[in-house]
Amino acid sequence: MLKLRMYELGAEKDRSDELLRNILPASTAEELKQRGTAAAKRYEHCTVLFSDFKGFSTFSSRMDSETLVAELDHFFRTFDRLCDRFGMEKIKTIGDAYMCASGIPEPSATHAIDAVRMGLAMLDEVAKSNAERRAKGLQEWPVRIGLHSGPVVAGVVGEKKFAYDIWGDTVNVASRMESNGEAGQLNISGPTFAQVMDRVEAIPRGPINVKGKGQVQMYFVTRSKDTANAE
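The structure reproduced in this document is the subject of the present report.

Here is what the cut-offs are and how they apply
- Residues numbered from 1 in each chain as written.
- Predicted model: local features only at pLDDT ≥ 70, side-chain atom pairs only at ≥ 80, totals over all residues.
- Heavy atoms only, no water.
- Helix = DSSP H or I, 4+ residues; strand = E, 2+ residues; numbered from the N terminus.
- Expected span 1.5 Å × (residues − 1).
- Buried < 20%, exposed > 50% of the residue type's maximum accessible area, 1.4 Å probe, protein only.
- Arc of directions from axis to C-beta.
- Phe/Tyr/Trp six-rings, centres within 6.5 Å; stacked < 30°, edge-to-face > 60°.
- Pairing = 2+ DSSP bridges.
- Core = buried A, V, L, I, M, F, W, Y, C linked by side-chain atoms within 4.5 Å.
- Contact = heavy atoms within 4.5 Å.
- Polar contact = N/O pair within 3.5 Å; in protein donor to acceptor, adjacent residues only side chain to side chain.
- Salt bridge = Lys/Arg side-chain N within 4 Å of Asp/Glu carboxyl O.

Points about helix H4 (residues 65-86)
Moving on, step 1. Under the 1.5 Å per step criterion, the end-to-end length of H4 is 32 Å for 22 residues, consistent within 8% with the ideal 32 Å.
Moving on, step 2. Every buried residue belonging to H4 is among Leu68, Glu71, Leu72, Phe75, Phe76, Thr78, Phe79, Leu82, Cys83 and Phe86, and all of these are buried. The arc that holds the buried residues of H4, viewed along the axis, is 150°, so those residues lie on one side. Turned more than 90 degrees from where H4 packs its buried face, Glu66, Val69, Arg81 and Asp84 sit exposed.

What about the packing of aromatic side chains?
Moving on, step 1. Considering all chains together, one arrives at 10 aromatic pairs under this definition.
Moving on, step 2. With centroids separated by 5.6 Å and ring planes inclined at 45°, the aromatic side chains of Phe76 and Tyr98 adopt a geometry described as tilted. Of this pair, Phe76 sits in helix H4 while Tyr98 sits in strand S3 (residues 97-102), and the two are 22 residues apart along the sequence.
Moving on, step 3. Judged by relative accessible area, Tyr98 falls into the buried class, the value being 0%.
Moving on, step 4. Here the aromatic residues Phe53, Phe56, Phe59, Phe75 and Trp141 are joined through ring pairs into a cluster of three or more.

Digging into the pairing of strand S2 (residues 89-94)
Moving on, step 1. Pairing of S2 with S3, which is carried by 5 bridges, proceeds in the antiparallel orientation. Residue Ile94 lies in a different strand from S3, and its bridge partner there is Ala97.

Things to note about the nonpolar core
Moving on, step 1. Counting residues in each nonpolar core, the largest one holds 37 residues, and the members touching the most others are Phe53, Val116, Met118, Trp141 and Leu186.
Moving on, step 2. In terms of residue count, helix H5 (residues 111-136) provides more of this core than any other element does, 10 residues in total.
Moving on, step 3. Leave out the neighbours within four places in its chain, and Trp141 touches Phe53, Phe56, Phe59, Met63, Leu68, Glu71, Leu72, Phe75, Val126, Asn130 and Arg133.
Moving on, step 4. Counting 15 residues, the second largest nonpolar core, distinct from the first, contains Cys46, Met99, Val152 and Ile166.

Comments concerning the environment of Ser108
Moving on, step 1. Locating Ser108 in the fold gives a position in the loop between S3 and H5.
Moving on, step 2. In sequence terms Ser108 and Cys46 are 62 residues apart; their C-alpha atoms lie 7.7 Å from each other.
Moving on, step 3. Filtering out sequence-adjacent residues up to four positions away, Ser108 remains in contact with Gly103 and Asp114.
Moving on, step 4. Separated by 3.1 Å, the side chains of Ser108 and Thr110 make a polar contact.

Describing the pairing of strand S8 (residues 214-224)
Moving on, step 1. The pairing of strand S6 (residues 186-189) with S8 spans 4 bridges and is antiparallel. Following the sheet pairing, Leu186 is matched in S8 by Val221.
Moving on, step 2. As defined by bridge partners, strand S7 (residues 200-210) adjoins S8 across 10 bridges and the pair is classed as antiparallel. Among the inter-strand pairings, Pro204 is bridged to a residue of S8, identified as Tyr219.

Section: the environment of Ile203
Moving on, step 1. You can see Ile203 is positioned in strand S7.
Moving on, step 2. By relative accessible area, Ile203 is classed as partly exposed at 45%.
Moving on, step 3. The residues touching Ile203, leaving out its near neighbours within four places in the chain, are Met218, Tyr219, Phe220 and Thr222.

Points about the pattern of salt bridges
Moving on, step 1. Applying the stated criterion across every chain yields a total of 11 salt bridges.
Moving on, step 2. Between Arg144 and Asp52 there is a salt bridge, with its nearest N and O atoms 3.3 Å apart. Of this pair, Arg144 sits in strand S4 (residues 143-157) while Asp52 sits in strand S1 (residues 41-53), placing them 92 residues apart in sequence.
Moving on, step 3. For Arg144, a relative accessible area of 15% puts it in the buried group.
Moving on, step 4. A single network of salt bridges, built from pairs that share partners, joins Asp52, Arg144 and Glu178.

The analysis is restricted to geometry; functional conclusions fall outside its scope.
In structure tokens, the structure reads:
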């Protein structure tokens, strides 16, 4: 009986650890287990990605709740898998918005191009899903994606349902890149473009006026030149 109970306790601990790793980055989860708290950290070089579905409020109102959640789950699960593929850290979802970042919690010299490849792969996957929906006469989900590079502060907040989150002007500008983009396009800022300009093809959009930010340089990325690594 003692051996059985020890086995059950070990299995429960493994399940708890796995759940914690699904909620938090591995290094942060380990720090939280060891110390009971996780220190906030500043990262000087990272890239933040935002996406949302254009017209979501309108077309979602015509769906029943079960279908709506199933559709969101389909796309977000796809994006989760792409995060693993491109070394991105999922931060959170807010309604139909998906947020992730590269260069955290482990610094990466390739954070900008990793995020660009992630964005392009997201567009490809959504385009495939929409083509299937179009053939079946179903509602399409047009996605907009925006990127910006810069410093962020990352940490764990809350006592109940705690969450790993990031803050800073970089996050705000990345959100503006998404909202000032277009459906089916990957819109990146000047600082992000400066880090990937030799490795992508992009269409300059010129300076665009952004509320609270003034004139901001933006680019639509059409493809990554480094296709071998993007596969």
